[in-house]
Structure formats: structure tokens, C-alpha cells
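One letter stands for each residue in the lines below.
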Amino acid sequence: MRVIAGKAKGHALIAPNGINTRPVTAKIKEALFSMWQMQMADSCFLDLFSGSGSIGIEAMSRGAKKVVFVEKDRKAINVIKKNLANCKFIDGYEVYQDDVFKRIEWLAKNGYVFDIIYLDPPFTVDEIFLPVMEFLSNAGIFDKDGCIAIRTRREKEMPEKIGVLRRFKLKHYGISSVHFFRRVEAQTSVLNNENSN
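Predicted, not measured: the structure shown is a model, and the values here were computed from it.

**Q** Would you take a moment to explain the environment of proline 159 for this structure?
**A** For proline 159, the location among the structural elements is in the loop between strand S5 (142–153) and strand S6 (161–162). Under the relative-accessibility criterion, proline 159 is labelled partly exposed at 32%. Look past the residues within four positions of proline 159 in its chain and what remains in contact with it is Leu130, Arg167 and Phe181.

Structure (C-alpha cells):
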């Protein structure tokens, strides 16, 4: 597992041991950052259920100005810190060992706003996917034109609309799927602009 592009391109990343983390394949990572490339420069990026931190580190490598990592598992937190050090990153990030719901609430209270939020909850905890998206929808920590992406197992169904969020894209990658959401009003604005051209 390596950083694909940017200033840390080629740096090796380690993954935590165990079945609770599922490292993102290079194919998924490349597809995600292809979609986000126009938003990445100077963005604020939130990596929830971070695992090895590979997604957030890729965002830093590609120009995000701040990345926040949130992961509950202590061993995974240690891996994230090692990966950041191996990639020579010394600032521009915050790493929190915390419950995701508690940390989202803390981020909201402290005025954090993100352009891109990526979630990779454990596939073994099926009941967490919808509640965490509902919690995010109400938290107000993402930019009005921001994107939220959540990785699920392929057969997992997610509603097209969750609170103020509406899914605008669904992509399948092997045993995984990634669901992409935006605010409903942001998508309406995009459609109106397209219709006026």
C-alpha cells in the first residue's frame, strides 16, 4: 500500500493488523481522488473511521490544507501516526482517538467545516452506517458545496436521501461500494446552472 500521487507519492503505508480495518485498494483510491481532484487544493478533509489513514494521507499529499483523522482503535491510531511520519508530514493534520459520533459533535461545537468527508465504517457493524450519516446531516460541519462519501459492502443498501443529503453517485469496486452525497440545495444549484447553459 502506497501513496499514489502528490508530494508524498510512492511512500509506503502500513496497515493495522486484524479484521476491523479494510485497507482501501489503489483502484478505489484512484477513483475517489479523480472525482475530488478539482476540490482538493487547499481543502479541509475529514477522514472518519480512518484505519491506516491512507485516504487522509492521500488527501494531504494532493494538496489538502488540513486533514482531520478520527479513529477509535488505539493500534490504528499508532499506525496513522507512523504513516504520517514516514511520509514526512509534520503539520496540517489532527489525529483523534475517539468515538466518531462524539468527535463529530466536538468538531461542530468548535466550528470546523469540511469540503470533503470520507467515512469507512467497519463492515461488521451494519447498524452504524445510516445513523452516522444522519448524524453528519444534522451536524453542519460540511461546506454547502461539499461532498460526503461512505464506503460500504457491495450488497449494503443506503437511502438516496438522508436528511439534507442526497446521493448523486454510486460506484461499485469489487466487494465494496462508495455512495457519494451532497446537500440537496447544492445539487439543485448545479442542475440550474447546467440548464441555464
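There's more to say after this.
**Q** Honestly, the packing of aromatic side chains in this entry has me stumped. Any pointers?
**A** Scanning all chains against the criterion turns up 9 aromatic pairs. Between the aromatic rings of phenylalanine 33 and phenylalanine 45, the centroid separation amounts to 6.4 Å while the plane-to-plane angle is 15 degrees, which identifies the pairing as stacked. With phenylalanine 33 in helix H1 (residues 26–40) and phenylalanine 45 in strand S1 (residues 44–48), this pair connects stretches of sequence that are 12 residues apart. An aromatic cluster is defined as three or more aromatic residues linked by ring pairs; in this entry it consists of Phe33, Trp36, Phe45 and Tyr118. The ring of tryptophan 106 has arginine 103 sitting right over it, with the charged end atom 4.5 Å from the ring centre. Residue placement shows arginine 182 over the ring face of phenylalanine 168; its charged tip is 3.9 Å from the ring centre.

**Q** Any chance you could explain the packing of helix H4 (residues 100–109) against helix H5 (residues 129–139) here in plain terms?
**A** To characterise two packed helices, one gives the angle between the axes of the helices and the distance between these axes. Two elements in contact, H4 and H5, have axes whose closest approach is 10 Å; the angle formed by their N-to-C orientations is 5 degrees. Classified by the angle between their axes, H4 and H5 sit roughly parallel to one another. Two secondary-structure elements touch here, H4 through Val100, Phe101, Ile104, Glu105 and Ala108 and H5 through Pro131, Val132, Phe135, Leu136 and Ala139. Split by residue class, the contact of H4 with H5 holds 9 nonpolar, no polar and 1 charged.

**Q** What is the right way to look at the packing of H1 against helix H2 (residues 54–61) in this model?
**A** Here H1 crosses H2 at 40 degrees, and the two axes come no closer than 11 Å. Taken as axis vectors, H1 and H2 run oblique relative to one another. The handedness of the crossing between H1 and H2 is right-handed. Here Lys29, Leu32, Phe33 and Met40 of H1 come into contact with H2, specifically with Ser54, Ile55, Glu58 and Ala59. For the contact of H1 with H2, the residue count by class is 5 nonpolar, 1 polar and 2 charged.

Conventions and cut-offs
- Residues numbered from 1 in each chain as written.
- Predicted model: local features only at pLDDT ≥ 70, side-chain atom pairs only at ≥ 80, totals over all residues.
- Heavy atoms only, no water.
- Helix = DSSP H or I, 4+ residues; strand = E, 2+ residues; numbered from the N terminus.
- Buried < 20%, exposed > 50% of the residue type's maximum accessible area, 1.4 Å probe, protein only.
- Contact = heavy atoms within 4.5 Å.
- Phe/Tyr/Trp six-rings, centres within 6.5 Å; stacked < 30°, edge-to-face > 60°.
- Lys NZ or Arg CZ within 6 Å of the ring centre and 35° of its normal.
- Axes fitted to C-alpha atoms, helices over the stretch in contact; angles between N-to-C directions.
- Parallel < 35°, antiparallel > 145°, perpendicular 65-115°, else oblique.
- Nonpolar A, V, L, I, M, F, W, Y, C, P; charged D, E, K, R; others polar.
- Left-handed = near helix turned anticlockwise from the far one by under 90°.

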